[in-house]
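This is what each chain is made of:
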Amino acid sequence: MALDKVNQTFFGVAIKGYDAVAYHTEGQALKGNKSFSYVWNDAKWYFAHSENRDLFAADPERYAPQYGGYWARTLSSTGKAVGVYPEVFKIFDGKLYLSGSKGGRDTFAAKPVENIKKADENWDDLNKPDWSPALCLIVVVQKRSAIPSFFLQPLMPQFLISEHNYGKRYTGFENCSI
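None of the values given here were measured: they were computed from a predicted structure.

Summarise the overall build of the protein; cite the residues concerned and give the values.
Helices and strands together make up the secondary structure of the protein, namely eight helices and four strands. A burial count over the protein gives 40% of its 178 residues as buried. When the accessible surface of the protein is split by element, carbon and sulfur atoms take 54% of a total near 10,200 Å².

Structure, rendered in structure tokens:
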């Protein structure tokens, strides 16, 4: 199943509100301020000041963390996207990698080329759509009938189902023939 492009809070804030540019320019994790925000990849990014926001807006790919801000080491070793502690990071070859622990960061950094290659492969796999015919059938049924969403929710707990959106919030369902 496709994963969110960016690791974000319940409120849609990327990397727990830390300033993605400060890692590169100041070499440290700085908490951003919602007064200096920018929306990119369906997430709100906060910055310590307007200059960092403007740098990010001009070139988000340069400053955003790799793998959407998910834990790089776990992605490389298990193929799972896991949350991070934004204070624990590593810049390698000009790219930002976030971690969930200092030990995980150090393990990842010990063999960066090998770990990045594996994490890249796993990231690509996690972002491939995985739409089974049964899942498409559930969407078709809901879109063409008056079945309340609470009947379908146990079948698709990973999706937010609303009787008012009739499938429009299901990312990737355009692949279903409906």
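We are not done yet, so read on.
Summarise the nonpolar core; cite the residues concerned and give the values.
Residues Ala14, Ile15, Tyr23, Trp45, Phe56 and Leu98 are the most contacted members of the largest nonpolar core, which totals 19 residues. Counting residues in hydrophobic clusters, the runner-up holds nine residues, among them Tyr67, Ala72, Phe108 and Trp123.

A description of the packing of helix α5 (residues 102–110) against helix α6 (residues 112–126) should follow, citing residues and the corresponding values.
Closest axis-to-axis distance for the α5/α6 pair is 5 Å, and the angle between their directions is 105 degrees. With respect to each other, α5 and α6 are oriented roughly perpendicular. Along the contact surface, α5 presents Thr107, Phe108, Ala109 and Ala110, while α6 presents Pro112, Asn115 and Ile116. In the contact of α5 with α6, the residues fall into five nonpolar, two polar and no charged.

Report on unusual backbone geometry, specifying residues and quantitative values.
Even without glycine at this site, Ile15 takes up a positive phi of about 40 degrees. Tracing the sequence through the fold places Ile15 in the segment before α1 (20–25). With a phi angle near 55 degrees, Lys16 is a residue other than glycine that sits in the positive phi range. Looking at the secondary structure, you find Lys16 in the segment before α1.

I'd like to hear about the side chain of Asn7, residue by residue, with values.
Structurally, Asn7 is set in the segment before α1. Side-chain polar atoms of Asn7 contact the backbone oxygen of Gly69, separated by 3.1 Å.

Now, about the pairing of strand β4 (residues 95–99): what can you tell me, with residues and values included?
For β4, the buried fraction is high: four of the five residues fall into the buried class. For strand β3 (residues 85–92) and β4, the ladder comprises five bridges, and the chain directions are antiparallel. Each bridged residue has a counterpart across the sheet, and for Ile91 the counterpart in β4 is Leu96. Between β3 and β4, which pair antiparallel one after the other, the connecting turn spans two residues, and Asp93 there sits at a positive phi close to 55 degrees.

Tell me about the environment of Ser77, residues and numbers included.
Along the polypeptide, Ser77 turns up in helix α4 (residues 72–78). On the basis of relative accessibility, which here comes to 44%, the residue Ser77 falls in the partly exposed class. With 45 residues separating them in the primary sequence, Ser77 and Asn122 have C-alpha atoms 9.0 Å apart.

Any chance you could break down the pairing of strand β1 (residues 33–40) for me, citing the residues and the numbers?
Across five bridges, the pairing between β1 and strand β2 (residues 43–47) is antiparallel. Pairing of Ser37 across the sheet is with Tyr46, part of β2. Adjacent in sequence and paired antiparallel, β1 and β2 are bridged by two residues, among which Asn41 carries a positive phi angle near 55 degrees.

Cut-offs applied
Residues numbered from 1 in each chain as written. Predicted model: local features only at pLDDT ≥ 70, side-chain atom pairs only at ≥ 80, totals over all residues. Heavy atoms only, no water. Helix = DSSP H or I, 4+ residues; strand = E, 2+ residues; numbered from the N terminus. Buried < 20%, exposed > 50% of the residue type's maximum accessible area, 1.4 Å probe, protein only. Areas by Shrake-Rupley, 256 points an atom, 1.4 Å probe, with all protein chains shown as cover. Core = buried A, V, L, I, M, F, W, Y, C linked by side-chain atoms within 4.5 Å. Axes fitted to C-alpha atoms, helices over the stretch in contact; angles between N-to-C directions. Parallel < 35°, antiparallel > 145°, perpendicular 65-115°, else oblique. Contact = heavy atoms within 4.5 Å. Nonpolar A, V, L, I, M, F, W, Y, C, P; charged D, E, K, R; others polar. Polar contact = N/O pair within 3.5 Å; in protein donor to acceptor, adjacent residues only side chain to side chain. Pairing = 2+ DSSP bridges.

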